[in-house]
2 protein chains.
Amino acid sequence: MKKFFCGVDLGGTTLKIGIVDGNGNIMVKIKEGTLPHKGPDYILNRIKDNISLLLKKSSLNEKNLSGIGIAVPGFIDEKRGRILSLTNLPYWEGVPLGKLMREGFSTPIKIINDATAAAYGEYLYGSGRGTNNFIYMTISTGIGGGIIIEGKPYFGTSHGAGEIGHMVIDINGERCNCGNYGCFEVMASGTAMAKFAQKAIEAGENSTIKILAAANIIKAEHVFSAAKLGDKLAKDIVDKEAFYLGIGISNIINIFNPEKITLGGGISNQWNTLHPKIMKIINKRAIKENTQICEIVKTELKDDAGIIGAAALCFIPNNK
Amino acid sequence: MKKFFCGVDLGGTTLKIGIVDGNGNIMVKIKEGTLPHKGPDYILNRIKDNISLLLKKSSLNEKNLSGIGIAVPGFIDEKRGRILSLTNLPYWEGVPLGKLMREGFSTPIKIINDATAAAYGEYLYGSGRGTNNFIYMTISTGIGGGIIIEGKPYFGTSHGAGEIGHMVIDINGERCNCGNYGCFEVMASGTAMAKFAQKAIEAGENSTIKILAAANIIKAEHVFSAAKLGDKLAKDIVDKEAFYLGIGISNIINIFNPEKITLGGGISNQWNTLHPKIMKIINKRAIKENTQICEIVKTELKDDAGIIGAAALCFIPNNK
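Residues numbered from 1 in each chain as written. Chains lettered and ligands numbered in written order. Predicted model: local features only at pLDDT ≥ 70, side-chain atom pairs only at ≥ 80, totals over all residues. Heavy atoms only, no water.

A. Examining the pairing of strand 6 (residues 82-86) of chain B more closely. Residue and element names in this part refer to chain B. Strand direction decides the pairing type here: strand 5 (residues 74-77) and strand 6, joined by 4 bridges, are antiparallel. Within the sheet, the bridge partner assigned to Gly-74 lies in strand 6 and is Leu-86. Counted along the chain from strand 5 to the antiparallel partner strand 6, the turn is 4 residues long, and its residue Gly-81 has a positive phi close to 60 degrees. (Pairing = 2+ DSSP bridges. Helix = DSSP H or I, 4+ residues; strand = E, 2+ residues; numbered from the N terminus.)

B. Focus on the pattern of salt bridges. All names here are of chain A. Under the definition given, this model contains 22 salt bridges over all chains. The closest approach of N and O atoms between Asp-21 and Lys-2, which form a salt bridge, is 4.0 Å. Remark: Lys-2 occurs in the segment before strand 1 (4-10) and Asp-21 occurs in strand 2 (residues 14-21); sequence separation between them is 19 residues. Residue Glu-174 is joined to Lys-199 by a salt bridge in which the shortest nitrogen-to-oxygen separation is 3.0 Å. With Glu-174 in the loop between strand 10 (152-153) and helix 4 (184-188) and Lys-199 in helix 5 (residues 190-202), this pair connects stretches of sequence that are 25 residues apart. A residue is classified by how much of its surface remains accessible, and Lys-199, at 51% relative accessible area, is exposed. (Salt bridge = Lys/Arg side-chain N within 4 Å of Asp/Glu carboxyl O. Buried < 20%, exposed > 50% of the residue type's maximum accessible area, 1.4 Å probe, protein only.)

C. Structural view of the packing of aromatic side chains. Enumeration according to the criterion identifies 9 aromatic pairs over all chains in this entry. Pairing A:Phe196 with A:Tyr244 gives two aromatic rings, centres 6.4 Å apart and planes at 45 degrees, and the pair type is tilted. Taken together, the residues A:Phe196 in helix 5 and A:Tyr244 in helix 8 (residues 232-256) connect sequence positions 48 residues apart. The class for A:Tyr244 is buried, based on a relative accessible area of 11%. Relative to A:Tyr244, the ring of A:Phe243 has its centre 5.9 Å away and its plane inclined at 45 degrees; by these criteria the two rings are tilted. A relative accessible area of 26% means that A:Phe243 is categorised as partly exposed. Over the ring of B:Tyr42 we find B:Lys38; its NZ or CZ atom is 4.8 Å from the centre of that ring. When the ring centre of B:Phe196 is taken as reference, the NZ or CZ atom of B:Lys240 above it lies at 3.9 Å. (Phe/Tyr/Trp six-rings, centres within 6.5 Å; stacked < 30°, edge-to-face > 60°. Lys NZ or Arg CZ within 6 Å of the ring centre and 35° of its normal.)

D. How the structure looks around the environment of B:Tyr181. Counting through the fold element by element, B:Tyr181 comes out in the loop between strand 10 (152-153) and helix 4 (184-188). Given the relative accessible area of 32%, B:Tyr181 is considered partly exposed. Considering only alpha carbons, one finds B:Tyr181 and B:Ile164, 17 residues apart in sequence, at a separation of 14 Å. Residue contacts for B:Tyr181: discarding those within four places in its chain leaves A:Arg285, B:Val168, B:Asp170, B:Gly173, B:Glu174, B:Arg175 and B:Cys176. A polar contact is formed between the side chain of B:Tyr181 and the side chain of B:Arg175, at a distance of 3.0 Å. (Contact = heavy atoms within 4.5 Å. Polar contact = N/O pair within 3.5 Å; in protein donor to acceptor, adjacent residues only side chain to side chain.)

E. Quick look at helix 7 (residues 220-228) of chain A. Buried within helix 7 of chain A we find A:Ala220, A:His222, A:Val223, A:Phe224, A:Ala226 and A:Ala227. Buried residues in helix 7 of chain A make contact with helix 5, helix 6 (208-213), helix 8 and helix 9 (271-285) of chain A.

F. Quick peek at helix 5 (residues 190-202) of chain B. Residues and elements named next belong to chain B. The end-to-end C-alpha distance of helix 5, which contains 13 residues, comes to 18 Å, matching closely the 18 Å that a straight helix rising 1.5 Å per residue would cover. Here helix 5 has its buried residues at Gly-190, Ala-192, Met-193, Ala-194, Ala-197, Ala-200 and Ile-201. Those residues of helix 5 hidden inside the fold are in contact with helix 4, helix 6 (208-213), helix 7 (220-228) and helix 8 (232-256). Downstream of helix 5 by a residue or two, Gly-204 has a phi angle that is positive, lying close to 105 degrees. (Expected span 1.5 Å × (residues − 1).)

G. Structural view of the side chain of A:Asn251. For A:Asn251, the location among the structural elements is in helix 8. Among the residues examined, A:Asn251 registers a relative accessible area of 0% and is labelled buried. Apart from the residues within four sequence positions on either side, A:Asn251 is in contact with A:Met167, A:Ile169, B:His166, B:Met167 and B:Val168.

H. Layout of the packing of helix 5 of chain A against helix 8 of chain A. Residues and elements named next belong to chain A. The N-to-C vectors of helix 5 and helix 8 enclose an angle of 145 degrees; their axes lie 10 Å apart at closest approach. Note on packing geometry: the crossing formed by helix 5 with helix 8 is right-handed. Note on element contacts: helix 8 touches helix 5 through Leu-233, Ile-237, Val-238, Lys-240, Glu-241 and Tyr-244, opposite Met-193, Phe-196, Ala-197, Ala-200 and Ile-201. In the contact of helix 5 with helix 8, the residues fall into 9 nonpolar, no polar and 2 charged. (Axes fitted to C-alpha atoms, helices over the stretch in contact; angles between N-to-C directions. Left-handed = near helix turned anticlockwise from the far one by under 90°. Nonpolar A, V, L, I, M, F, W, Y, C, P; charged D, E, K, R; others polar.)

I. Spotlight on the interface of chain B and chain A. At the junction of the two partners, chain B supplies 45 residues and chain A supplies 45 residues. Surface buried jointly by chain B and chain A totals about 3800 Å² across both partners, of which 55% is contributed by carbon and sulfur atoms. Its largest share of buried area at the contact with chain A, chain B owes to B:Ile171, B:Ile255 and B:Arg285, together 19% of the area lost on that side. Our count for the contact surface shared by chain B and chain A stands at 0 salt bridges. The interface formed by chain B and chain A holds 30 residue pairs in polar contact (both at pLDDT 80 or more) in total. Looking at the side of chain B that touches chain A, the elements that each hand over two or more residues are strand 6, strand 9 (143-149), helix 8, helix 9 (271-285) and helix 10 (288-291) of chain B. Looking at the side of chain B that touches chain A element by element, the count peaks at 7 residues for helix 8 of chain B. Residue composition of the side of chain B that touches chain A, grouped by class: 21 nonpolar, 16 polar and 8 charged. (Buried area = accessible area lost by both parts, 1.4 Å probe.)

J. Local environment of unusual backbone geometry. Residue and element names in this part refer to chain A. Here Tyr-91, not a glycine, exhibits a phi torsion of approximately 70 degrees, which is positive. Structurally, the position occupied by Tyr-91 is in the loop between strand 6 (82-86) and helix 2 (97-102). Backbone geometry at Lys-302 places phi at a positive 50 degrees, although glycine is not the residue there. Mapping Lys-302 onto the fold places it in the loop between strand 12 (295-298) and helix 11 (305-312). The exposure class assigned to Lys-302 is exposed, which follows from its relative accessible area of 54%.

Rendered as structure tokens:
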């Protein structure tokens, strides 16, 4: 009997679920708003209902399912099968996610940090294929990292490894959501770009960004679009973004000496603009011996990396 | 027949060699100045002569030796068995260290980065015993790091992993020897402490540091001694050192989620002064979930960590 797996990518904004075959192909998937304020019970029921729906759609039943992998944006107490805390998802502290899922399904349930899941997906079936030591970085609202060491996902001691968004790169920098100051995330995320623009415009700077955003909240996309139209402020912010990304990636090259680093998340859609600028910083800043053997590429699996990686986690006999 | 191993710790200042048994005990060792300016041939001959001498001293011969591990402060091209570059040891670029050692000995030769060797030594026989994910940081003239992941030393793709000294923590910081700016090393090494003192004194500040150093170059030790005598400048520099160390260690906690971090190197001799100050920063700055399960301790093996770790590398069937 052919084996199938389910991958759940639970995000603060979007909930993605897919049925994945043993070769990492998504057979069928759904994507919908998470509605995080409705809390764990509501979200869990929707996850269960959606899995049943997807199985039906693909003419499978639970017996065909060899495991369900759930990627979550936060910290997991693996021993007790509990959520410690999730980013942008309130009321999840202490929720025994594994146990609650097992009430609906008899197939093995695995829980994994979302960036680690995406890293594992990219490593097995995307841009990381063929490497041994591989880092996945997601740059969007926040910054997260997933680590593959010698072909295996590295979870850390309590599923907290890869928090590269909370690596201080500016000791005098601004306060981050995590309580620290000058974190990579507070300087180089999409949110940071939007904030830089917002501040400058509030201070009276004239910029196409304002016209593009119109009555909406300024987003990183507006900044990239305005930069393409030649807007001075937007171009400066894009250059600053590339600079900060270059510094953060150089740190990761120096610390991990990986064969490849893949960038994912919303910011990676601006690859052609950012990549040459980032490489200039890395070639100047990172250790030469490590840079020479490290490729910086963009995600291949894009939005599907988390689903595929979470499902693929069930291929591994135990969570190690 | 009982097995013995040889560990060589080749440093820019000191050359340490020991004969180690299968339980990580050093039977006999030597420690002498490296004399780096004399170049690879001279140093290699001394290493070989010293190994022969140590074998004789311990009534062993080469047949008793199951391997020689050599820890070097730099980058290794493992495939070609060549040195890429060493810190503070000129003329070593491209030297086929493995091949040259094999000309003197028929036992297997392994080459390893020095901080990784020290990490492995501490992990097997020192402060890291019983952990799975363990980081060793050496804080002295420079700052280096060694990484143990799931019980195995992590070398990186080209033996360049663990260069945590060259993780930028101050994006606006001073230039580092590596060419980058604001590296952890340029701010928190012993050399950095001495430089801060030197600068302040040159700028006219009155300080006991100057009296303690007398006609000699100011060193980190002078700063710690002056701080103990209540000197204001020295106390400020010690506080700054603890602050920078706290930031750098917090980054490592966030990135690796390790069970334990061991500090070694000269600065770790000031443990009682630094440890409480460092912990205050970490408790404020690092991610709570990761900090809770991570102990920060000082080296147990001290100066011997490199010898023991390099020798222990020969216990592993291949370099992985």
